[in-house]
Amino acid sequence: MIRLTLRVPVDYLKKLKIHYKDNIGVNSIRQYTDFVKVVEVGPRDGLQNEPKILPTNTKIQLINKLSETGLQSIETTSFVSSKWIPQMADNTILFTQIKKKAGVSYPVLVPNLKGLDNALKAGVKEIAIFGAASETFSKKNINCSINESIQNFTAVIKQVNEQNIKVRGYISCVVGCPYEGEIKPKVVVDLASLMLNLGCYEISLGDTIGVGSPKKIKKLLKELQQVSSCDMSKFALHCHDTYGQALANIYAGLEHGIRIFDSSVAGLGGCPYAAGASGNVATEDLLYLLHGQGLETGVNFNKIVEIGNYISKELNRKNQSKAGLAILAQKNH
């Protein structure tokens, strides 16, 4: 085997807006793009545990507003039984009536073949499948073991592989579980590798109950780097802010090459299986951090702040975004 070493001038890297970091030696250059993709999960993951059932028209307005912000991906709904998640009972009507903007993806969560069939009938072009790194959490959350969940999402992926349907994978409890405590990185690595081999184009790593810390996140990402040849472009972080660590964990992800992050406008969401688990990191707070670091998202921060205020009022709940509340306070001063 012939090994070639490419030496690239630093000035050239700067012109391309590529960060460089020499962690191993002078012949090793790790390149990270300045662009960060933000995946808005508020309409699905954010709303599904809200006690107030929103009118379908309000959800449609929420998604349509989000579509005008520059976001590239907006998770819209979940094709699950309304018995389990009443908030998602209007999934077909919702998906067919939203205004789909060119260049924006509108993925939906699909738990099984029945959900997939309903999603395809509604015209869905991208789906998300999910598993958990905790056996107990899997049984509590989706009423099946990890192996059974693998069988379920494998069947779903095989069904869509020849239909030009994109598949994103979710892994819950990547660093901690409310029942089993700390999760070993190897469990996450094995599950992520399986999802990628099956055809998922991207894997979202979820700190579902928000117990992660930068040290734990770095430990996990280092393990993933070993099996992905340091290519982290297929991984996203999905952080909850239960212990106020979401932004710190995101920063740790940035340092390890993660350039895709899930977030929820106004910090909507939470985990019903973990006492005190607060919502997803707020999109407003994520954008404030990323833009403050000179990173690019293509997302209009001020529009997101306005939408966070809108949906919080519709839900009669406190806006969980610190950046959003600060901007609104300045405007009202």
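Use the structure listed above.
Read on for an overview of the structure. (Residues numbered from 1 in each chain as written. Predicted model: local features only at pLDDT ≥ 70, side-chain atom pairs only at ≥ 80, totals over all residues. Heavy atoms only, no water.)

Overview of the nonpolar core
1) Next: One finds Ile127, Ile129, Ile171, Leu205, Leu224 and Ile311 to be the most contacted residues of the largest nonpolar core, which totals 87 residues.
2) Next: Element by element, the count of residues in this core is highest for helix α12 (residues 301–315), at 7 residues.
3) Next: Counting 8 residues, the second largest nonpolar core, distinct from the first, contains Leu109, Ala128, Ala236 and Ile260. (Core = buried A, V, L, I, M, F, W, Y, C linked by side-chain atoms within 4.5 Å. Buried < 20%, exposed > 50% of the residue type's maximum accessible area, 1.4 Å probe, protein only. Helix = DSSP H or I, 4+ residues; strand = E, 2+ residues; numbered from the N terminus.)

Quick look at the packing of aromatic side chains
To describe a pair of aromatic rings, one takes the distance between the centres and the angle between the planes.
1) Next: Throughout the structure, instances matching the rule amount to 1 aromatic pair.
2) Next: Ring centres of Tyr288 and Phe301 lie 6.3 Å apart, and the angle between their planes is 50°; this geometry places the pair in the tilted category. Pair noted here: Tyr288 is in helix α11 (residues 283–292) and Phe301 is in helix α12, with a separation of 13 residues, a long-range link.
3) Next: On the basis of relative accessibility, which here comes to 56%, the residue Tyr288 falls in the exposed class.
4) Next: Judged by its relative accessible area of 14%, Phe301 is buried.
5) Next: Above the ring of Tyr170, the side-chain terminus of Arg44 is found at 5.7 Å from the ring centroid.
6) Next: If you follow Lys100 out to its NZ or CZ, it ends over the ring of Phe95, 4.4 Å from the centre. (Phe/Tyr/Trp six-rings, centres within 6.5 Å; stacked < 30°, edge-to-face > 60°. Lys NZ or Arg CZ within 6 Å of the ring centre and 35° of its normal.)

Description of the sheet that holds strand β8 (residues 166–172)
Sheet strands associate in pairs through backbone hydrogen bonding, adopting either a parallel or an antiparallel arrangement.
1) Next: If you trace the 9 strands from one edge of the open sheet to the other, you get β4-β3-β13-β12-β11-β8-β7-β6-β5, paired in parallel fashion. The open sheet has two edge strands with one neighbour each: β4 (73–74) and β5 (77–78).
2) Next: Here β5 pairs with strand β6 (residues 108–109) via 2 bridges, running parallel. Residue Thr77 lies in a different strand from β6, and its bridge partner there is Val108.
3) Next: Set on the sheet, helix α8 (residues 185–198) makes contact with β7 (126–132), β8, β11 (202–207) and β12 (235–239); between it and β8 the angle comes to about 170°. (Pairing = 2+ DSSP bridges. Contact = heavy atoms within 4.5 Å. Axes fitted to C-alpha atoms, helices over the stretch in contact; angles between N-to-C directions.)

What to know about α11
1) Next: A large share of α11 lies buried, amounting to 7 of its 10 residues.
2) Next: Here α11 has its buried residues at Thr283, Glu284, Asp285, Leu286, Leu287, Leu289 and Leu290.
3) Next: Those residues of α11 that are buried lie in contact with β3 (37–40), α10 (246–255), β13 (260–263), α12 and α13 (322–332).
4) Next: Just beyond α11, the residue with positive phi is Gly294, at close to 80°.

Notes on the layout of surface pockets
1) Next: What the largest pocket holds in volume is close to 1,200 Å³.
2) Next: Listing elements by their share of the lining of the largest pocket, those giving two or more residues are α2 (42–46), α4 (91–97), α5 (113–121), β7, α6 (135–142), α7 (146–160), β8 and β11.
3) Next: In terms of residue count, the dominant contributor to the lining of the largest pocket is α6 (5 residues).
4) Next: A class-by-class count of the residues in the lining of the largest pocket yields 20 nonpolar, 21 polar and 6 charged. (1 Å grid on protein atoms, 1.4 Å probe; cavity = no way out; pocket = protein on both sides within 12 Å on 5 of 7 lines; lining within 4 Å. Points joined across faces, edges and corners; volume = space filled by probe spheres on them. Nonpolar A, V, L, I, M, F, W, Y, C, P; charged D, E, K, R; others polar.)

A word on the state of the cysteines
1) Next: The full count for this structure, using the stated rule, is 0 disulfides.
2) Next: Cys177 provides the cysteine sulfur closest to Cys173, a residue in no disulfide bond, and the two sulfurs are 4.8 Å apart. (Disulfide = S-S within 2.5 Å.)

Some thoughts on α5
1) Next: Every buried residue of α5 is listed here: Gly115, Leu116 and Ala119. Considered in projection along α5, the buried side chains sweep an arc of 100° and stay on one side of the axis. Counted as exposed and oriented over 90 degrees from the buried face of α5: Lys114 and Lys121.
2) Next: Of the residues flanking the start of α5, the one acting as N-cap is Asn112, its side-chain oxygen 3.4 Å from the backbone nitrogen of Lys114.
3) Next: Following α5 by one or two positions, Gly123 adopts a phi angle in the positive range, close to 95°. (Arc of directions from axis to C-beta. Polar contact = N/O pair within 3.5 Å; in protein donor to acceptor, adjacent residues only side chain to side chain.)

A word on unusual backbone geometry
1) Next: In this model, Cys173 sits at a positive phi of 55°, which is unusual for a non-glycine residue.
2) Next: Assignment of secondary structure puts Cys173 in the loop between β8 and β9 (176–177).
3) Next: Unlike most non-glycine residues, Asn316 shows phi in positive territory, near 55°.

Functional significance is not addressed by these values, which are geometric in nature.
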